[in-house]
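Analysis of the macromolecular model
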Amino acid sequence: MSTDKYYTLAEGCPFASNRTALLINGKRGGGLGLLQDTQLIETLAHFSRERIPERVVHAKAVGCYGEFEATRDCSDFTSASFLNKVGKKTPVLQRVSTVGPESGSADTSRDVHGWAMKLYTDEGNLDWVFNNTPVFFIRDPIKFPSMNRSHKRHPRSHLPDANMFWDFHVGNPEGIHQLMVLFSDRGTPKSIRYMNAYSGHTYRFTKPDGSFKYAKIHIKTQQGIHNFSRKEATKIAGENPDYMIEDMFEAIERGDFPVWNVYVQLMSPEEAEKYKWNIFDMTKVWSHKDFPLQQIGRLTMNRNPENYFADIEQAAFSPSTMVPGFAPSADPVLQARLFAYPDAARYRLGVNYQQLPTNAAKAQVYCPFQRDGKMRFDGNYGGDPNYVGSSLQPTKFYQDVKGKTPQALGLHDEHEMWAGEVSAYTSEITDADFVQPTALWEVIGREPGHQDRLIENLVGSVSGVKYPELRKAVYDLFSRVNKDLSLKLEERTEASIKAA
Ligand code: NDP
């Protein structure tokens, strides 16, 4: 540390001591404070304001930096510049979180883990806001707040509540696939390093001529998948609630950098029309056999943050942060997230959150139509026109400078031309919703003891439901996946309640 540093107030006035207060009769060992003691007042006032609003979901997180390396030239299906040359490296910020519990909670709780990445590409930032599960609990965006509240604290008792959790899922059974993943061994991963991540949503890789492929992205750990048992996860939650943060921080500190391979499944618009599943329904996967994984890159996390608050807490991720060559699909939950994530960042960090160093693009940014606002801390574009169509200062477009057409909004082929009537729509549950959960039950059955552990994990949760009719509804829900699973779940849950 520099030896010529000296302490000052926040606006530069040097002070003599950092542990002094101005007091009337202070020399007698006590005394009344004074409003003119700016040093004390600012110190106390700033302390009360240290916390910014906690994220309503994804509050507890591990964060670090690293790089994405392209392992394939992907220009046959995307113009995204970070994917157009083998070996091209792009810096990355990563933030991996539990979803429901608060910032101080145990990070080994059984929960989905959010997997957010900011790729600082040379054509602007690309945020991949994924999960460690390939599917999601809902497919109707209006259910998002309800689903999350049911996983959090009861409005009266302020306690996590199994009645509320299962009441939501019985009433919204499309989440059964995600529940199967959550209560499998993968619901309690041993570390961030040992988990996969998935886009869940269908996205699109696009080319400037308007052609595109639908895509799902898979990020697969090269450290192997390792999970805690229910008992281990509970024990560690008590002993070290920050286990995952520590595990990742220490691994990076000792140079043991975790690596993931990044794959895509690609589907043409024509294939999408004919596919057996609605590809905009994020409770479904695309079979690996139908659409094989193709590797596009490798991710290595190799640097811890310099300061957690500045680098990780102030980080804001949104699926709407995209680059030319990567685009959203008509998945309704994705469409809602495109609005909700930047909206949350504006509330949590302020309207100029994109200027914070951790969020700022490393590529050129010239966006003079977003001006002013709270906490503007650059030059605010000086006197440049803040309106379009200026003849006083005509500004070039990307193709004039780079000779390359950027992603043109609205340039889409027929598959993305939407015409139709506005209708009120809520998705319906059919037997088809249970086909993939049943397939997963069978996949899990390939590993000795795993089906039994899934049942035990469910018993641990369902035995907290105090209403017999609601428990019965849970058994009925799982009987649509597999009869044996449901029978064993009922038998063991009721026995565990009797024994308690
Ligand atoms: P495959 O036999 O080709 O794939 C099975 C996949 O199951 C594996 O590749 C693995 O995914 C995944 N898996 C294994 N254990 C678990 C678990 N505890 N929780 C979540 N996933 C697990 O079959 P299909 O592609 O035909 O899919 C069969 C079922 O596998 C699906 O219904 C789905 O539930 C599940 N699955 C499928 C994925 C896909 O993208 N097709 C992805 C993940 C799960 P991974 O290789 O990602 O580790």
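Residues numbered from 1 in each chain as written. Predicted model: local features only at pLDDT ≥ 70, side-chain atom pairs only at ≥ 80, totals over all residues. Heavy atoms only, no water.

Under an unreviewed UniProt entry, the name given to the protein is Catalase core domain-containing protein, and the source organism is Penicillium malachiteum. Taken from UniProt, the Sequence similarities (unreviewed entry) comment for the protein reads in full: "Belongs to the catalase family." Of the protein, the UniProt comment under Cofactor (unreviewed entry) reads exactly: "heme". (UniProt positions renumbered as here; feature names shortened; annotations may be inferred.)

A few words on the site of the ligand. Around the ligand, the structure places 21 residues, and the nearest of them are His177, Tyr198, Lys220, Trp286 and His288. With respect to the ligand, the side chain of Ser184 contributes an N or O atom lying 3.0 Å from a nitrogen atom. When the ligand is considered free in solution it has 770 Å² of accessible area, and contact with the protein chains removes 85% of it. Where the shell around the ligand is concerned, the elements lending two or more residues are α4 (176-182), β9 (212-221) and α11 (435-445). The element that contributes the greatest number of residues to the shell around the ligand is α11, accounting for four residues. For the shell around the ligand, the residue count by class is eight nonpolar, nine polar and four charged. Taken domain by domain, the makeup of the shell around the ligand includes at least three residues from each of domain 2 (61-355) and domain 3 (431-499). (Near = heavy atom within 4 Å. Polar contact = N/O pair within 3.5 Å; in protein donor to acceptor, adjacent residues only side chain to side chain. Areas by Shrake-Rupley, 256 points an atom, 1.4 Å probe, with all protein chains shown as cover. Helix = DSSP H or I, 4+ residues; strand = E, 2+ residues; numbered from the N terminus. Nonpolar A, V, L, I, M, F, W, Y, C, P; charged D, E, K, R; others polar. Domains from an automatic or database assignment.)

Cross-referencing UniProt, the feature "active site" (unreviewed entry) maps to His58 and Asn131 in the present numbering. With the annotated positions falling across 74 residues, the maximum pairwise C-alpha distance of 10.7 Å places them together in a single cluster. A polar contact of 2.9 Å, which involves the side chain of His58, links it to the side chain of Ser97. For Asn131, a relative accessible area of 13% gives the class buried. Discounting residues that sit within four places of it in the chain, Asn131 has contacts with His58, Val112, His113, Gly114, Trp115, Phe136, Asn196, Ala197 and Tyr198. (Buried < 20%, exposed > 50% of the residue type's maximum accessible area, 1.4 Å probe, protein only. Contact = heavy atoms within 4.5 Å.)

Further remarks concern the packing of aromatic side chains. Under the counting rule described, the total for this entry stands at 23 aromatic pairs. Aromatic side chains Phe165 and Trp166 sit 5.1 Å apart centroid to centroid with 70° between the ring planes, which places their arrangement in the edge-to-face category. The residues Phe165 and Trp166 share a single accessibility class, namely buried. When the centroid spacing of 5.1 Å and the interplanar angle of 80° are considered together, the rings of Tyr275 and Phe291 count as edge-to-face. Highlighted residues: Tyr275 in the loop between α7 (269-274) and β11 (294-303) and Phe291 in the loop between α7 and β11, separated in sequence by 16 residues. Just as Tyr275 is buried, Phe291 falls in that class too. Through successive ring pairs, a cluster of aromatic residues spans Phe68, Phe77, Phe82, Trp128, Phe130, Tyr203, Phe205 and Phe326. It is Arg204 that lies over the ring of Phe212; its NZ or CZ is 4.6 Å from the centre. Positioned above the aromatic ring of Tyr120 is the side chain of Lys362, whose terminal nitrogen or guanidinium carbon lies 4.3 Å from the ring centre. (Phe/Tyr/Trp six-rings, centres within 6.5 Å; stacked < 30°, edge-to-face > 60°. Lys NZ or Arg CZ within 6 Å of the ring centre and 35° of its normal.)

Right, let's get into unusual backbone geometry. Note: most peptide bonds trans; most residues except glycine with negative phi. Even without being glycine, His158 reaches a positive phi, approximately 60°. Within the secondary structure, His158 sits in the loop between α2 (144-151) and α3 (162-171).

By size, the foremost hydrophobic cluster in this structure holds 39 residues, and its most contacted members are Trp115, Trp128, Ile219 and Leu299. Those residues in contact with Ile219, other than ones at most four positions away along the chain, are Trp115, Met117, Trp128, Phe130, Asn196, Ala197, Trp260, Asn261, Val262 and Leu299. Counting 35 residues, the second-largest nonpolar core is a separate cluster that includes Val99, Met147, Ile455 and Val462. (Core = buried A, V, L, I, M, F, W, Y, C linked by side-chain atoms within 4.5 Å.)

For the rest of this paragraph, the subject is the packing of helix α13 (residues 468-479) against helix α14 (residues 483-499). At a minimum axis separation of 7 Å, α13 and α14 run at an interaxial angle of 155°. Taken together, α13 and α14 sit at an angle that is classed as roughly antiparallel. Crossing angle aside, the handedness with which α13 passes α14 is right-handed. Between α13, through Arg471, Val474, Tyr475, Phe478 and Ser479, and α14, the contact on the second element is made entirely by Lys483, Leu485, Ser486, Leu489, Glu490, Thr493, Glu494 and Ile497. When grouped by side-chain class, the residues that make up the contact of α13 with α14 number six nonpolar, three polar and four charged. (Axes fitted to C-alpha atoms, helices over the stretch in contact; angles between N-to-C directions. Parallel < 35°, antiparallel > 145°, perpendicular 65-115°, else oblique. Left-handed = near helix turned anticlockwise from the far one by under 90°.)

Turning our eyes to something else, we now look at the environment of Arg492. Summarising the element assignment, Arg492 is placed in helix α14. Through-space distance from the C-alpha of Arg492 to that of Ile176 is 20 Å; in sequence the pair is 316 residues apart. At a separation of 3.3 Å, a polar atom in the side chain of Arg492 contacts the side chain of Glu456.

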